[in-house]
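In case you want the letters, here they are:
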Amino acid sequence: MLNNLRPVFIIASREIRDQLRDWRIIFPVVGLTLFFPFLMNFTAQQMLGFVQKYGATIVGERLVPFLLMIVGFFPISVSLVIALESFVGEKERGSIEPLLNTPLQDWQLYLGKLLSSTVPPLTSSFLGMAVYLGGLRIQNIPWPETPMMILIVLLTIVQAIVMVSGAVVVSCQATSVRAANLLASFIVIPVALLIQGESILMFWGTYSTLWWAVFGLMVMAALLVRVGLAHFQREELLGREIDVLNARWIWRVFKKSFWGDVRSLADWYRFEISKTIRSMRISILITFVLALVGILLGADLIHQFFIPLDQESLAELDERIGLLVKAWPVFAVKPVMSIWWQNVRVLILAMVLGTFSFSILGVLPLMASMGAVGYLMALLTVNGIPAVTTLAFILPHAVIEVPAAILATAAILRAGVIMGTPTPDRTVGEVWIESIAIWTKIMAGVVIPMLLLAAAIEAWITPRLALLLVK
Amino acid sequence: MTSRTGRSRDSGFYQMICAENLTKKFDDFLAVDGVNLQVFPGQVLVLLGPNGAGKTTTVRMLTSVLKPTRGRALVAGYDVEREAEQVRFNIGVLTEHHGLYARMNAQEYLEFFGKLYRLELKQIRRRAEELLHRFGLFEDRFRRLGEFSKGMRQKLALVRALLHDPPVLLLDEPTSAMDPESARAVRDAIASLRSGDRTIMLCTHNLSEAEELADQVAIIRRGRIILSDTLENIKQNVLGPAEFQATFSKSLDGWSADLPEGVVLTERGANWLRFRVQDPPGTNPELLRMLSARMEMVTFQELPRSLEKAYLEVMRRAVIEEGNLAQ
């Protein structure tokens, strides 16, 4: 194993040596390591003095670890620049081909680049943090507690790995440094939002949530490295020269995955849809388990957020359901369409979230909906509504709606799995289009019709059945 | 196709480069179309062709950087698709863009690549010293590569390709950026590398270089090998029988004669004549006797048949053929 890692270190050490000879990298790194922490020390001292005048010591307490996080984050922003040009920069300078001709394995080259883009900025981060902490000691400002410092160090490491691994994926797929810089917004914007979120949590003092952020970022980093390795192709680095949007090619790839080789709609359902659903078996099973977990977590929330329903409200339940029955007359299309569109857009949102998070965030809307259902059921049961009645409020349409949502979410989950699977014969763009086509196929062929039926039941049958049972 | 573990390898006659129906398609563009190549140990194959003909794509497939769409190839007995790592251990490649690291010096650069080829540091240093001396770069070994001239960079890239002493060398335009002196040094080096079991495949536009170095020439156009043979056979087959020129001391006004069978008068000047001779060893003595009997002859020599002439002729025929096919 160590022998296999040797080329990784050879690549990384050459690159690091190269970076240390480039004044364009050295200047900002030295500045951010040595001067910026002093500025933060000064800011901390001034702020602490100011807020203490007004007795708002808590602001000062929260500011010290926050500035430590900022001091650690700034140098790792340099890693983005280094990582973005790691492959495509070498391609532009023509130095990548001699490297590709050596007996290096793809993963060795990839990890070497990843390591070389991560280590110098991270070292600089740690140095900066050390300088900042040293400044605090000199100024007699107490250091943040040890668990907090460990948390900040871990956050800095995982943020650096996420940024670098994302940037290396971009660098492998881009055709020029310019294109890579343009694509960097896909990393910069989420990371900026992340930093803002972390800052809020830090001032709020909900540090336990920050541990979840560390965990989430670790998963994200692992997935990004996995996706990068899965789709790293020597051929792609040299074969692709132009990045003109080829709509015809995109449509061809999409159509082939969406329609397959069938000739009629009946065949499409018989062969394509059934084949796709079969291929999603494991994803469906996982999504089903996640939905159950969502219900259980929602039901468990009743202990934290119990709302006692007074007997009067319960007595008025039939009256309120009666109003609903009047508002949604049988065969009225508008309520059906409203319910249907609400469900469809939640699933579209899930797809959008899944696209930017390798499907992780894509399962959240389903889990949240199931959590709400679990909580509602538990609340009604605890307040004395019989379980059969509670189920009658949900079950008639949920029998169709929930499987539809599970199918759509499973398609999102599968897209993430496909992205993380090595596909030597296809590009990352091709795989991405295919996974969107598969999701669209499941949505158009199965989920949307099922949701329409479920919405009709929810609007026309469920309220009437509930009214019958409540009475 | 020769098997790596087969009898032919043991007998020493296996092909160092063997491509069979090698094809590469980028989306709808057919870059290389069914290329067949066979190069034996100690041979130099020159791949000639215009820009965009598919030379570099062919080389990249043979170096396992690009995956063939169809067909297969063995380099040094290893399959370029299935045994890519072994292929790369056994080849030295000089790419079209030498792509050196500007902030490194020559010594560091060679040590870096040597380590990637899993050579010991001592071995790298010894080999680097030998090759840097050979290419006249030894004195500059601690200079930053960014300060190197184009020719020096090209030479260093060649040193890099030779560092691990590979049995197969794939050289893409090895002298393209060099001054005549450096180009001569590189050509001499290539000629000396040919000895032994080393196989060289050379892509070039420089026809005189090709003529000087080639044992075998393959002409590629639009992804297809349109002609592949030894240099002599190509000249013979494309340009026809050898041409000879006889120069006389006096003007040839009114000269005419019955020429021996197999000899055709192709051109004439004030005091010279050119003949195409089907069978020079059999016919030339008679022709010489006849010509010197009539007039005082100053010289009689074979006209050089350049590869350039043959290449241009092959290309001309290919264009005509394509035109006919299009009609």
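Residue numbering note: each chain is counted from 1, following its sequence as written. The order in which chains are written sets their letters, starting at A; the order in which ligands are written sets their numbers, starting at 1. The model is predicted, so local features are restricted to residues of pLDDT at least 70 and side-chain atom pairs to those at 80 or more, both for listing and for counting; the totals for chains, interfaces and linings are taken over all residues. Heavy atoms throughout the structure, all of them, feed into the side-chain values; hydrogens and water do not.

Our focus in this paragraph is the overall build of chain B. Scanning chain B from terminus to terminus reveals 11 helices and 14 strands. Projected onto its principal axes, the C-alpha coordinates of chain B cover approximately 75 × 50 × 40 Å. Here's how the labels work: a residue is buried when its accessible area is under 20% of the maximum for its type, exposed when over 50%, partly exposed in between, all with a 1.4 Å probe on protein chains only. Relative to its full complement of 327 residues, chain B shows a buried share of 53%. Sequence separation of at least 24 residues holds for 67% of the intrachain contacts in chain B that already meet a minimum separation of 6. Of the charged side chains in chain B, 45 are positive and 44 negative; the average position of the first set lies 5 Å away from that of the second. Here a strand is any run of E in DSSP of at least two residues, a helix any run of H or I of at least four, and the numbering for each starts at the N terminus. The contact criterion used throughout is that any non-hydrogen atoms of two residues lie within 4.5 Å. Positive charges come from Lys and Arg, negative ones from Asp and Glu, while His and the chain ends are left out of the count. Each charge is placed at NZ for Lys, CZ for Arg, CG for Asp and CD for Glu.

This next bit is on the interface of chain A and chain B. Of the residues lining the interface, 29 residues belong to chain A; the matching set on chain B comes to 29 residues. What gets called buried area is simply the loss in accessible area from a 1.4 Å probe that two parts show on being joined, summed for both. Both sides together, the interface formed by chain A and chain B hides about 2900 Å², and carbon and sulfur atoms give 54% of it. Here, a salt bridge means any Lys or Arg side-chain nitrogen found within 4 Å of an Asp or Glu carboxyl oxygen. Counting across the interface, chain A meets chain B through 4 salt bridges. As a salt-bridge pair, B:Arg60 and A:Glu97 come within 2.9 Å of each other at their nearest N and O atoms.

What the rule picks out here adds up to 35 salt bridges over all chains. Residue B:Arg103 is joined to A:Asp18 by a salt bridge in which the shortest nitrogen-to-oxygen separation is 3.4 Å. Of the two residues, B:Arg103 sits in the loop between β6 (91-94) and α4 (106-116) while A:Asp18 sits in helix α1 (residues 2-20), which places them in two different chains. Between B:Arg143 and B:Asp140 there is a salt bridge; the shortest N-O distance is 3.1 Å. What emerges from the salt-bridge pattern is a single network uniting A:Arg14, A:Glu15, A:Asp18, A:Asp22, A:Arg24, A:Glu90, A:Lys113 and B:Arg103.

All names here are of chain A. With respect to the secondary-structure elements, Asp-22 resides in the loop between α1 and α2 (23-53). What makes Asp-22 buried here is its relative accessible area of 7%. Identification of polar contacts relies on pairs of N or O atoms within 3.5 Å, with a donor-acceptor requirement for protein atoms, meaning one able to donate a hydrogen and the other able to accept it, and with residues adjacent in sequence counted only if both atoms are side-chain atoms. Polar contacts involving the side chain of Asp-22 include one to the side chain of Arg-24, which spans 2.9 Å.

Our next topic: a nonpolar patch on the surface. All names here are of chain A. A cluster of nonpolar side chains, namely Leu-183, Phe-186, Trp-341, Ile-348, Val-352 and Phe-356, defines an oily patch on the protein surface of about 580 Å² accessible area. Among the elements that line the nonpolar patch, the one with the most residues is helix α17 (residues 333-355), at 3 residues. Its place among the elements puts Trp-341 in helix α17. A residue counts toward a patch only above 30% relative accessible area and without a salt bridge, and it is joined to like-charged neighbours within 9 Å or, for Val, Leu, Ile, Met, Phe, Trp and Tyr, to nonpolar neighbours within 5 Å. Only the protein chains shown count as cover for residues, with accessible areas throughout obtained via the Shrake-Rupley method and a probe of 1.4 Å.

All names here are of chain B. Note: two strands are recorded as paired if DSSP finds a minimum of 2 bridges between them. Spatially, 6 strands are ordered β6-β7-β8-β3-β9-β10 in an open sheet, and the strand pairing comes out mixed. With one partner strand each, in any of the chains shown, β6 and β10 (224-230) form the two edges of the open sheet. On average, each strand axis in the sheet is inclined to that of its neighbour by 15 degrees, with strand direction left out of account. In terms of strand pairing, strand β3 (residues 44-48) meets strand β8 (residues 199-204) through 5 bridges, oriented parallel. Considered in β8, the bridge of Leu-47 is made with Cys-203. Packing against the sheet, helix α6 (residues 150-162) makes contact with β6 and β7 (168-172), and its axis sits at approximately 170 degrees to β6. Interaxial angles span 0 to 180 degrees and are taken between N-to-C directions of axes, which are lines fitted to C-alpha atoms, for helices over the stretch in contact. Sheet strands in contact with helix α11 (residues 307-326) are β3, β9 (216-221) and β10, and its direction is about 35 degrees off that of β9.

The next subject is unusual backbone geometry. Residues and elements named next belong to chain B. The phi dihedral of Asn-21 falls on the positive side, at around 55 degrees, and the residue is not glycine. Mapped onto the secondary structure, Asn-21 falls in strand β1 (residues 17-26). Of the residues examined, Asn-21 reaches a relative accessible area of 37% and is grouped as partly exposed. One non-glycine residue with positive phi stands out, namely Asp-165, at about 50 degrees. On the basis of relative accessible area, Asp-165 is assigned to the partly exposed category, the value being 43%.

Another aspect to go through is the environment of A:Glu319. All names here are of chain A. Inspection of the secondary structure puts Glu-319 in helix α16 (residues 317-327). The class of Glu-319 is exposed, set by a relative accessible area of 54%. Each C-alpha atom, one on Glu-319 and one on Lys-471, is 9.6 Å from the other, the two residues being 152 residues apart in sequence.

Burial analysis of β8(B) places 6 of its 6 residues in the buried class, which makes it a mostly covered element. Burial of β8(B) is two-sided: the residues B:Thr199, B:Met201 and B:Cys203 facing one way and the residues B:Ile200, B:Leu202 and B:Thr204 facing the other way are all buried.

Residue and element names in this part refer to chain B. Summary of the metric used: pLDDT quantifies the predictor's per-residue confidence within the range 0 to 100. Averaged over all residues, the pLDDT of chain B equals 87, while 95% of them reach at least 70. Within chain B, the element-level pLDDT minimum falls on helix α1 (residues 7-10), averaging 40, and the maximum on α4, averaging 96. Long-range and interchain partners of residues 1-12, a stretch whose pLDDT sits below 50, account for 21 contacts in this model, where long-range means more than four residues apart.

Another aspect to go through is the nonpolar core. By nonpolar core is meant a set of buried Ala, Val, Leu, Ile, Met, Phe, Trp, Tyr and Cys residues that side-chain atoms within 4.5 Å join together. With 94 residues, the main nonpolar core has A:Phe87, A:Leu99, B:Leu48, B:Tyr109, B:Phe112 and B:Leu156 as its most contacted residues. Per-element accounting of this core gives the leading share, 8 residues, to helix α7 (residues 146-173) of chain A. Those residues in contact with B:Leu48 that sit more than four places away from it in its chain are B:Lys55, B:Thr204, B:Leu207, B:Ala210, B:Val217, B:Ala218, B:Ile219, B:Ile220, B:Leu307 and B:Tyr311. Of all hydrophobic cores here, the second largest spans 44 residues; its members include A:Leu48, A:Leu151, A:Leu201 and A:Val428.

Turning next to the packing of aromatic side chains. For Phe, Tyr and Trp, rings pair up if their centres lie within 6.5 Å, where Trp contributes its six-membered ring, and each pair is then called stacked (planes under 30 degrees apart), edge-to-face (over 60) or tilted (otherwise). Counting across every chain of the model gives 20 aromatic pairs over all chains. When the centroid spacing of 5.6 Å and the interplanar angle of 5 degrees are considered together, the rings of B:Phe244 and B:Phe300 count as stacked. Taken together, the positions of B:Phe244 in strand β11 (residues 243-248) and B:Phe300 in strand β14 (residues 297-302) put the pair 56 residues apart, joining distant regions of the chain. Residue B:Phe244 is classed as buried on the basis of its relative accessible area of 7%. Sitting above the plane of the A:Phe87 ring, A:Lys113 keeps its charged end 5.5 Å from the centroid. Stacked on the ring of B:Trp272, the Lys or Arg B:Arg274 has its end atom at 4.7 Å from the ring centre. Comment: the charge-over-ring label is applied if NZ (Lys) or CZ (Arg) is within 6 Å of the ring centre and within 35 degrees of the ring normal.

Residue and element names in this part refer to chain B. With antiparallel pairing, 4 strands are arranged side by side in an open sheet as β12-β13-β11-β14. Two strands close off the open sheet at either side, each with one partner strand: β12 (263-268) and β14. The mean angle between the axes of side-by-side strands here comes to 25 degrees, regardless of whether they run parallel or antiparallel. Sheet contacts for helix α10 (residues 280-294): β11, β12, β13 (272-277) and β14; angle to β13, the most-contacted strand, approximately 155 degrees.

Here we take up the state of the cysteines. Residue and element names in this part refer to chain B. Count a disulfide wherever a pair of cysteine sulfur atoms falls within 2.5 Å. Enumeration according to the criterion identifies 0 disulfides over all chains in this entry. Of all cysteine sulfurs, the one in Cys-18 lies closest to Cys-203, which takes part in no disulfide; the gap is 17 Å. Judged by relative accessible area, which is 0%, Cys-203 ranks as buried.

Turning to the domain arrangement of chain A, a few remarks are in order. All names here are of chain A. Where each domain starts and ends follows an automatic or database-derived domain assignment. Under the domain assignment, chain A is made up of domain 1 (2-239) and domain 2 (247-470). In this structure, domain 1 and domain 2 have C-alpha centres spaced 38 Å apart. On the side of domain 2, 15 residues touch domain 1, which itself brings 12 residues to the contact. Both sides together, the interface formed by domain 1 and domain 2 hides about 1100 Å², and carbon and sulfur atoms give 68% of it. Sorting the residues of domain 1 by area buried against domain 2 places Val-227, His-231 and Gln-233 first, and these three jointly supply 40% of that buried surface. Taken together, domain 1 and domain 2 are joined by 0 salt bridges. If you look at where domain 1 meets domain 2, you find 1 residue pair in polar contact (both at pLDDT 80 or more). If one sorts the elements of the side of domain 1 that touches domain 2 by residue count, helix α10 (residues 207-230) sits on top with 7 residues. Counted by class, the side of domain 1 that touches domain 2 contains 7 nonpolar, 3 polar and 2 charged residues. Under the scheme applied, nonpolar residues are Ala, Val, Leu, Ile, Met, Phe, Trp, Tyr, Cys and Pro; charged residues are Asp, Glu, Lys and Arg; polar residues are all the others, including Gly.

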